[in-house]
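Observations on the model geometry
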Amino acid sequence: NNRMPPKLKEIFLPVRDEEHWKEVTSHSNRRVTLVDLFYPWFGRCDALDEAFRGLYMTLEDPDKKIQYLHADLSKVPVFPEAEQPKPTAKPRFLIYLVRAGFKG
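Attention in this report is confined to the structure presented alongside it. (Residues numbered from 1 in each chain as written. Predicted model: local features only at pLDDT ≥ 70, side-chain atom pairs only at ≥ 80, totals over all residues. Heavy atoms only, no water.)

**Quick notes on the pairing of strand S3 (residues 66–72)**
Using the following cut-off: Think of it in three bands: with a 1.4 Å probe and only protein chains considered, a residue is buried below 20% of the maximum accessible area for its type, exposed above 50%, and partly exposed in between. Elements are defined by DSSP. Helices are runs of H or I of four residues or more, strands are runs of E of two residues or more, and each kind is numbered from the N terminus. Here, a strand pair is defined by DSSP locating no fewer than two bridges between the strands. With the strands aimed away from the viewer, a crossover counts as right-handed if its path from the first strand over the helix to the second runs clockwise.
Burial runs high along S3: 7 of the 7 residues are buried. Here S3 shows two buried faces, one formed by Ile-66, Tyr-68, His-70 and Asp-72 and the other by Gln-67, Leu-69 and Ala-71. Bridge count between strand S2 (residues 32–38) and S3: 7 bridges; the pairing is parallel. Considered in S3, the bridge of Phe-38 is made with Asp-72. Regarding topology, helix H2 (residues 49–58) serves as the crossover connection from S2 to the parallel S3, and that connection is right-handed.

**Some details on the packing of aromatic side chains**
Stated formally: What counts as a ring pair is set by centres within 6.5 Å for rings of Phe, Tyr and Trp (its six-membered ring), and what kind of pair is set by the plane angle: stacked under 30 degrees, edge-to-face over 60, tilted for all other angles.
Applying the stated criterion across every chain yields a total of 6 aromatic pairs. Consider the rings of Tyr-39 and Trp-41, whose centres lie 6.2 Å apart with planes at 15°: the pair is stacked. Taking the relative accessible area as the measure of exposure, Trp-41 reaches 53% and is therefore exposed.

**A few points about H2**
One turn of an α-helix holds 3.6 residues; hence residues three or four places apart share an orientation. Which entries qualify depends on this criterion: Think of the arc as the fan of directions from the helix axis to the C-beta atoms.
Among all positions in H2, only Asp-49, Phe-52, Arg-53 and Tyr-56 are buried. Taken down its axis, H2 places every buried residue within 100° of arc, on the same side. Turned more than 90 degrees away from the buried face of H2, the exposed residues are Glu-50 and Thr-58.

**Some remarks on the sheet that holds S3**
Filter applied, for reference: Inter-axis angles, ranging from 0 to 180 degrees, are taken between N-to-C directions of lines fitted to C-alpha atoms, where helices are fitted over the stretch in contact.
Reading across from one edge, S1-S3-S2-S4 is the order of the 4 strands in this open sheet, with mixed pairing throughout. Edge positions in the sheet fall to strand S1 (12–14) and strand S4 (92–96), since each has one partner strand and no second. Strand-to-strand, the axes of this sheet are offset by a mean angle of 25°, without reference to chain direction. The pairing of S2 with S4 spans 5 bridges and is antiparallel. Bridge pairing in S4 links Val-35 to Leu-94.

So this is what it looks like as structure tokens:
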């Protein structure tokens, strides 16, 4: 029997550009969103991948409840220029939860 195990679903998604960033943080997104912010010279925080995958797998219909993204701060304008965080090697995360009826 030469069966391969099923391929793991990719649950860690890159933020592609500014338009994608606006989409994933919009009021139509009803999921908890965890964003790993990084600079390309240091890379994203792989240390949390296993913990997040474990959490993801325990949820019923996880795609409707949670998403994990990573954003290269040199390519995606997550913050206004005046508020752009100083480059650091320390992990930096944002957590979003948009509630119905919220007007930001």
